[in-house]
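Residue-level structure breakdown
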Amino acid sequence: MRSVNKIAVAVILLAALLPVSLFAAVYGKISGKVVDSETNEPLPAANVVVVGTDYGAATNVNGEFVILNVPPGQYSVRAQFIGYRPVTYEEVLVNVDLTTQLTFELPAEAIAGEEVVITATRPLINKNATNETAIMTSEDIENMPLRSMAGAVATNTGVVTAGGDMYVRGGRADEVAFYVDGVYSNNLRTGQRVGTVPVTSLEQINYQAGGFSAEYGFANSGVVIASTKSGAKQFKLSGEVITDEFLSKEEDFLDTYSYGYNVYNLSVTGPLLSNKISYFASVEHSYEQDRNPSASGHPVLDGNYTYDEITLSQAELQEMGVPEEEWILPVRMQEGPLPGNWVKEWAFNGNLQFDLKPVRIKLGGNASFQDWRAYSHFRSLGSIEDNYAREDYNYSVYGKVTHTLGPKTYYEATAYYSAFGDEDYNPDAKRHMADYADKTDFNDNGLFNDFLVADGIPRSSYYRLGSGIFAPPHYPALAYNLNRANVLGGKLDFTHQIGTTHEIKTGFEYRYNTMRRYNTQSYRLAGTFSNNPDIDPINAYRAAYTENFGYPVYFDGNEVDPSATLDEGRDAAKHPLIGAFYVQDKIELSDLVLNLGLRVDYMDANDQTVKDPYDIQIENGLIAEESLTETEAHINVSPRLGMSFPVTDRTVFHAQYGQFVQQPQLQFLYTGWAYYAAQLVQGNQVDIGNPDLAPVRTTSYEVGIGQQLSNTSSLSITAYYKEISDNVVLKNRVGASPSTYAQYQNGDYGVVKGMSFTYKLRPTNGLRANLNYTLQYAKGTGSTSRGNFYVTWIGDEYYPIFVSPLDYDQRHTFSGNLDYRVSGWGANLLFQAGSGFPYTPKRIADTVFGATNSTSYPVGGVNSVYTDWTYSLDLRLDKSFELAGVDMNVYVWILNVLDTKQPFNRRDDRGQSYGSGIYEATGLPNDNGWLSTADGQNWMSQYEGDNAENMYRAFINDPNNWETPRQIRLGLRFSL
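As the structure is a computational prediction, the values presented were derived from the model and not from experiment.

Right, let's get into the overall build of the protein. Along the backbone of the protein there are 11 helices and 48 strands. The C-alpha radius of gyration computed for the protein amounts to 30 Å, which stays within 12% of the reference 30 Å derived for 976 residues, consistent with globular compactness. Dimensions of the protein, computed from the C-alpha atoms along their principal axes, are close to 110 × 70 × 55 Å. Looking at the protein as a whole, 56% of its 976 residues qualify as buried.

Moving on to the environment of valine 600. Position of valine 600 relative to the elements: it lies in strand S29 (residues 593-604). Sequence separation between valine 600 and serine 563 is 37 residues, and the spatial gap between their C-alpha atoms is 36 Å. When near neighbours in sequence (up to four residues on either side) are disregarded, valine 600 contacts Gly579, Ala580, Phe581, Ile635, Asn636 and Val637.

What follows is about the packing of aromatic side chains. Overall, the coordinates contain 38 aromatic pairs when judged by the stated rule. A centroid spacing of 5.7 Å and a plane angle of 65° characterise the contact between tyrosine 179 and tyrosine 216, whose relative ring orientation is edge-to-face. Of the two residues, tyrosine 179 sits in strand S12 (residues 176-180) while tyrosine 216 sits in the loop between strand S14 (202-208) and strand S15 (222-228), which places them 37 residues apart along the sequence. An identical accessibility class is assigned to tyrosine 179 and tyrosine 216; each is buried. Judged by centre distance (5.3 Å) and plane angle (45°), the ring pair of tyrosine 657 and tyrosine 701 falls under tilted. Highlighted residues: tyrosine 657 in strand S35 (residues 651-662) and tyrosine 701 in strand S37 (residues 696-708), separated in sequence by 44 residues.

A few words on the pairing of strand S25 (residues 480-498). Note: strand S24 (residues 409-425) against S25, 16 bridges, orientation antiparallel. The residue of S25 that forms the bridge with aspartate 424 is asparagine 481. Of the strand pairs in this sheet, S25 and strand S26 (residues 502-520) are connected by 19 bridges, and their pairing is antiparallel. Paired with threonine 495 across the two strands is lysine 505, which belongs to S26. A loop of three residues connects S25 with S26, the two strands running antiparallel in sequence, and glycine 499 in this loop sits at a positive phi of about 60°.

Further remarks concern the environment of leucine 98. Mapping leucine 98 onto the fold places it in the loop between strand S6 (87-94) and strand S7 (99-106). Judged by relative accessible area, leucine 98 falls into the buried class, the value being 7%. Linking leucine 98 and asparagine 126, residues 28 residues apart in sequence, is a C-alpha distance of 8.0 Å. Apart from residues lying up to four places away in sequence, leucine 98 is in contact with Gly28, Lys29, Asn126, Asn128, Ala129, Thr133, Ile135 and Lys586.

The next subject is the confidence of the model for the protein. Predicted confidence across the protein gives a mean pLDDT of 90, with 95% of residues reaching 70 or more. The low-confidence segment residues 1-24 (pLDDT under 50) makes 54 contacts with residues lying over four places distant or belonging to another chain.

Attention shifts here to the pattern of salt bridges. Summed over all chains, the structure comprises 35 salt bridges. Here lysine 29 makes a salt bridge to glutamate 588, at a shortest N to O gap of 2.6 Å. Of this pair, lysine 29 sits in strand S1 (residues 28-36) while glutamate 588 sits in strand S28 (residues 577-588), and the two are 559 residues apart along the sequence. Accessibility assignment for this pair places lysine 29 and glutamate 588 in one class, buried. A salt bridge links arginine 953 to glutamate 949; the shortest N-O distance between them is 3.0 Å.

So, on to helix H8 (residues 673-682). Here H8 lies mainly inside the structure; seven of its 10 residues are buried. Within H8, the full set of buried residues consists of Trp673, Ala674, Tyr675, Tyr676, Ala677, Gln679 and Leu680. Two residues or fewer after H8 comes glycine 683, characterised by a positive phi angle close to 70°.

Taken as a whole, helix H6 (residues 523-531) has its buried residues at Leu525, Ala526, Gly527 and Phe529. Where H6 is buried, its residues contact helix H7 (537-543).

Pairing is mixed across the open sheet formed by five strands, whose spatial order is S3-S2-S5-S6-S8. With partners counted over all chains shown, the strands left at the sheet margins are strand S3 (56-58) and strand S8 (116-119), one partner each. Direction aside, neighbouring strands of the sheet carry axes that sit 20° apart on average. Note: S6 against S8, four bridges, orientation parallel. The residue bridging tyrosine 89 from the neighbouring strand is isoleucine 118, located in S8.

A word on empty space enclosed by the protein. There is about 410 Å³ of room inside the largest cavity. What lines the largest cavity is a set of 37 residues, and nearest its centre among them are Asp97, Ser213, Gln584, Lys586 and Asn595. The set of elements that each furnish at least two residues to the lining of the largest cavity consists of S1, strand S4 (64-70), S14, S26, S28, S29, strand S34 (634-648) and S35. Contributing to the lining of the second largest cavity are 14 residues, with Tyr184, Asn187, Leu188, Gly191 and Gln663 lying nearest its centre.

Quick look at the sheet that holds S4 now. Each strand in a sheet pairs with its neighbour through backbone hydrogen bonds, running either in the same direction (parallel) or in the opposite one (antiparallel). Taken in spatial order, the three strands of this open sheet run S4-S1-S7, and their pairing is mixed. This sheet does not close on itself; its edge strands, each paired only once, are S4 and S7. Across the sheet, the mean angle from the axis of one strand to that of its neighbour is 20°, orientation sign disregarded. As defined by bridge partners, S1 adjoins S7 across eight bridges and the pair is classed as parallel. Following the sheet pairing, glycine 32 is matched in S7 by leucine 102.

In this structure, proline 358 follows lysine 357 across a cis peptide bond, with omega equal to 10°. When you line up the elements, proline 358 lands in the loop between strand S21 (343-356) and strand S22 (359-372). A cis amide bond, omega 15°, links serine 737 with the succeeding residue proline 738. Assignment of secondary structure puts proline 738 in the loop between strand S38 (713-733) and strand S39 (741-764). The phi dihedral of aspartate 441 is positive, around 55°, even though this residue is not glycine. Structurally, the position occupied by aspartate 441 is in the loop between S24 and S25. Given a relative accessible area of 14%, aspartate 441 falls into the buried group. In this structure, aspartate 899 takes a positive phi of about 55° despite not being glycine. Topologically, aspartate 899 is positioned in the loop between strand S47 (886-895) and helix H10 (934-942).

Calculation notes
Residues numbered from 1 in each chain as written. Predicted model: local features only at pLDDT ≥ 70, side-chain atom pairs only at ≥ 80, totals over all residues. Heavy atoms only, no water. Helix = DSSP H or I, 4+ residues; strand = E, 2+ residues; numbered from the N terminus. Rg over C-alpha atoms; globule rule 2.2 N^0.38 Å. Buried < 20%, exposed > 50% of the residue type's maximum accessible area, 1.4 Å probe, protein only. Contact = heavy atoms within 4.5 Å. Phe/Tyr/Trp six-rings, centres within 6.5 Å; stacked < 30°, edge-to-face > 60°. Pairing = 2+ DSSP bridges. pLDDT = per-residue confidence, 0-100. Salt bridge = Lys/Arg side-chain N within 4 Å of Asp/Glu carboxyl O. Axes fitted to C-alpha atoms, helices over the stretch in contact; angles between N-to-C directions. 1 Å grid on protein atoms, 1.4 Å probe; cavity = no way out; pocket = protein on both sides within 12 Å on 5 of 7 lines; lining within 4 Å. Points joined across faces, edges and corners; volume = space filled by probe spheres on them.

Here it is in structure tokens:
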């Protein structure tokens, strides 16, 4: 009944929103003054308009004006007054959440001349930004040698990238919120960014590293607000093609290969039926044969060997008289694209806008669909095509109505629906789970694998491939995984400007989430059904360690049907509820800007939880009802305070204090109840969700100074400090009944302090520069929620409570972007460098044949040693010209110009550590040190000859341990 009531509340709230209006604030503001150019006297009742739009305002008695609710982008702004010549500022840049200030000095008509046109200069210092903010325009992004929103954000201060994840100011990877056109776009389960927004559809990116206003939540470290392009008044068609297929995949050229990189993009914009309706649409298709190329080669058999030759046993080789040094097959390293590492993707973005003054309606959305494979080093010599198939998708649609009640008041709301999904499966059996390890075709459906030992028993190794070093041919994918999640949300914001000083804003947001999960060790099913055809399928699937909620444990016919949802009973879908309310006042005075705000966050797992986690009663294989109770909601109040004040016309100080809360990753809240009970009964080492998890808390402080050094350059310095508490950590419930188990709990703590420096040079003699450096110390009791997996494996309740460097404690990060343009030619250079990442030195142990958890014994302090510095240099050279009335831009894009070979910043979050692409016993990416030990020497003497050593070293030298190699791509852009 309780969940039914909550659903009713959600429906009522959304119903109340929809008729009124429908979008989160992604607007800026233009303000300023209109004066007489000779006397400097204010001109009241002057008209100020944004040319080509309906935006405008009249000046007050002091000649001041404010234009609210202006979408980000570049505009021309004109001021005019009777008896004076009009003045127009061109290329005026409007930024999200910031105020663009203009002063119009109107000359009297008695002075001869035409309208005065002034090209606005981009401000070097944001005088009304009360926290560290970076603005990147579409032009900035399109000129850089990169092609992703995340890549562009990563060039800013406070950002550390490691293992493909982004960490801002020492927070975990899930603490950065990405908004696309005002809609929260993070994955609901993991809290991390997902999907692809074509960079050609981006109008502006607003990056805020901490200290953001009360309007923004669901993030403790930073927010990224991406605004896509809106419809134009004139038709425009543009596109882009990028490829590296002019190179060979087998023969190197300039120490590089073709990695099968291909991108095709097409965008169209213009009016529809009338100038009151406009549209923008972008579609992009990409195919990459190697989705993350490695600077290291990958192992291949040195020769052509048949399946029968690969599978010969030791006895057969001896009987055939093959010399012992040839029993293990020879292996060599092959450079070029990695096998089985491709991705196909479609990405879409678009919107339809209705300008029906005083109401504006905007409908839009974005989506991406991926079909991909991940290179498996273990399978690389004979089973790469049998690796898991993977499919991901995410899409979001929204509707918005902005209603202007007067020149100083408007309200807006958003209603949106977002969906996320991922699926991993055996490419042969797909959703037929009972056939993942079917050798005999016991169910007569034609889906079987004759290379298995028996039903449900895959062959683990062949002698000639090192008896376990590499997977045998036709080694099947053994498990199936399905996740589906969606959210129906709404947000209402009200903005009122009091004079030119106070901008009052208030609003609320509500999200109704739905999560479904299905995971099973499918290979166990064939043996179970083959040996016991009359078994109850539900029992068979539970014996295969099936975890399910939102789906039944057993699908009729053994084939997964994602549409066969389960919405009743204990294993129904999960519906966490998230809401927020905020109020803030932005006070803009001539010598002071204050941003005062208060935010209230609400989170409820909306599920059952155990009353006593140390005393759980089991009845008939399930948790007894008397052991369960309803979850309780968490309500948190967070004050925010920011200020900015100019010391001189070239010097600005800012300071910020704020408290932030964020819901934990939703995947850590839930575990299927039947799966939960089975693990308790059997005492297996697994991690259990916790619906009682409290939000993660951060308290942040920041001070900074911006100094304009000249008319074309500036330097900004910001110092920050933050304390993090209640981070999620995996800990054992020692002594629990019926058995000890590991569960996610609040408990990790962190402290981060740092300084960032930004130097900007606006275009001067064709050269523009943006240099960023961050010095940061990030310490805590744990780096990831699963970091204690092997600690819990031991069965102890102990976990680290001392502060040590976090895995992503990169002390120094630097990025420099130089852009030079002259006479249609352009060059953009992106240099990035960073100090090493910490790792815990470990004992030398065998990481191939030994149990993984037995190799995790440290011989030094946690994260007490750092890897070497890394650096990269990327380049884009282009030429713009016109051909038959079409604007063209051709370019060459080179990644890793210097062809550096560096360890990859990689660390998975199950606690199994690759350090930063290195083995923690040696600090090297291609040697774990074991072959130099007595055990390693004995192993080599057992397998006589060089082939065994080469095969072992080939496996240790995993391509995933290395960063990207040099890559060369050609591109063409056009617009008409």
